[in-house]
Amino acid sequence: QVQLVESGGRLVQAGGSLRLSCAASGRTFSSYAMGWFRQAPGKEREFVAAISWSGGSTYYADSAKGRFTISRDNAKNTVYLQMNSLKPEDTAVYYCAAARPYYRNLYVVAEYDYWGQGTQVTVSS
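Let me sum up the structure you'll find in this document. Because the structure is predicted, anything quoted here is derived from the model rather than measured.

### Regarding the sheet that holds strand β7 (residues 68-73)
Ordered by their spatial adjacency, four strands build an open sheet running β1-β3-β8-β7, and the pairing between neighbours is antiparallel. If you trace the sheet from one side to the other, it starts and ends with β1 (2-7) and β7, each paired once. Neighbour-to-neighbour, the strand axes of the sheet open up by a mean angle of 15 degrees, direction not taken into account. Where β7 lies against strand β8 (residues 78-83), six bridges are found, and the strand directions are antiparallel.

Quick look at the structure:
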């Protein structure tokens, strides 16, 4: 089992920045690829970014490229999502997730076994 707790979400003005954190406990964090997803009211959960177990590979949704950066610190059992140039359309609950061991596609919700409770990000115009 892996327990995930997100933090860092809050109300921010458009153009501002936030850094989300996801603290993991339980089984060996460093062995998991990690992802960030988001879900806005009335919409499906969507992929934002992912990072390999070593941090050597990162993946982004088109909406996040150039504005968001995913990183991890395996010594601290934490994965981060730095979000810059925020837009009102970034408003959502943001979730971090740990991928299953033999994932094929980190862009897909079904490839993740463990999820946090989410943190609310609200971007005002």
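Having seen the model, we can carry on.
### What to know about the side chain of threonine 119
Positionally, threonine 119 belongs in strand β11 (residues 119-124). Here glycine 9 takes part through its backbone nitrogen, which lies 3.1 Å from a polar atom of the side chain of threonine 119. Not counting chain neighbours up to four residues away, the residues in contact with threonine 119 comprise Glu6, Ser7, Gly8, Gly9, Leu20, Ala92, Val93 and Tyr94.

### Here we look at the pairing of strand β5 (residues 46-51)
With five of its six residues buried, β5 lies for the most part within the structure. In this structure, strand β4 (residues 34-39) lies alongside β5, joined through five bridges in antiparallel fashion. Pairing of methionine 34 across the sheet is with isoleucine 51, part of β5. Turn length for the β4-β5 hairpin, with the two strands adjacent in sequence and antiparallel, is six residues, and the turn residue glycine 42 shows positive phi of about 80 degrees. As paired elements, β5 and strand β6 (residues 58-60) share three bridges and run antiparallel to each other.

### Description of the pattern of salt bridges
Summed over the entire model, instances satisfying the criterion amount to five salt bridges. A salt bridge links arginine 38 to aspartate 90; the nearest nitrogen and oxygen atoms lie 2.9 Å apart. A residue pair is termed long-range when its members are at least 10 positions apart, and arginine 38 in strand β4 and aspartate 90 in the loop between β8 and β9 (92-99) qualify at 52 residues. Accessibility assignment for this pair places arginine 38 and aspartate 90 in one class, buried. With a shortest N-O distance of 3.2 Å, aspartate 62 and lysine 65 are connected by a salt bridge. We note that aspartate 62, like lysine 65, is exposed. Three or more residues are tied together by salt bridges with common partners; here these are Arg38, Glu46, Arg67 and Asp90.

### Some details on the nonpolar core
Counting residues in hydrophobic clusters, the biggest one holds 29 residues, and the most contacted among them are Leu4, Met34, Trp36, Leu81, Met83 and Tyr94. Elements with a minimum of two residues in this core: β1, β3 (18-26), β4, β5, β7, β8, β9 and β11. Ignoring sequence-local partners within four residues, the contact set of leucine 81 consists of Leu18, Arg19, Leu20, Trp36, Val48, Ala49, Phe68, Thr69, Ile70 and Tyr94. With nine residues, the next largest nonpolar core counts Phe47, Ala50, Ala99 and Leu106 among its residues.

### Concerning the packing of aromatic side chains
For the coordinates displayed, the defined rule picks out seven aromatic pairs. Their ring planes at 45 degrees and their centres at 4.4 Å tell us that phenylalanine 47 and tyrosine 107 sit as a pair that is tilted. In this pair, phenylalanine 47 sits in strand β5 while tyrosine 107 sits in the loop between β9 and β10 (112-115), placing the two residues 60 residues apart along the sequence. Among the residues examined, tyrosine 107 registers a relative accessible area of 40% and is labelled partly exposed. Look at tyrosine 112 and tryptophan 115: their rings are 5.9 Å apart centre to centre, the planes differ by 55 degrees, and that puts the pair in the tilted class. Tyrosine 112 gets classed as buried once you look at its relative accessible area, which sits at 4%. For tryptophan 115, a relative accessible area of 23% puts it in the partly exposed group. By way of ring pairs, the aromatic residues Phe37, Phe47, Tyr59, Tyr107, Tyr112 and Trp115 are connected into one cluster.

Here is what the cut-offs are and how they apply
Residues numbered from 1 in each chain as written. Predicted model: local features only at pLDDT ≥ 70, side-chain atom pairs only at ≥ 80, totals over all residues. Heavy atoms only, no water. Pairing = 2+ DSSP bridges. Helix = DSSP H or I, 4+ residues; strand = E, 2+ residues; numbered from the N terminus. Axes fitted to C-alpha atoms, helices over the stretch in contact; angles between N-to-C directions. Polar contact = N/O pair within 3.5 Å; in protein donor to acceptor, adjacent residues only side chain to side chain. Contact = heavy atoms within 4.5 Å. Buried < 20%, exposed > 50% of the residue type's maximum accessible area, 1.4 Å probe, protein only. Salt bridge = Lys/Arg side-chain N within 4 Å of Asp/Glu carboxyl O. Core = buried A, V, L, I, M, F, W, Y, C linked by side-chain atoms within 4.5 Å. Phe/Tyr/Trp six-rings, centres within 6.5 Å; stacked < 30°, edge-to-face > 60°.

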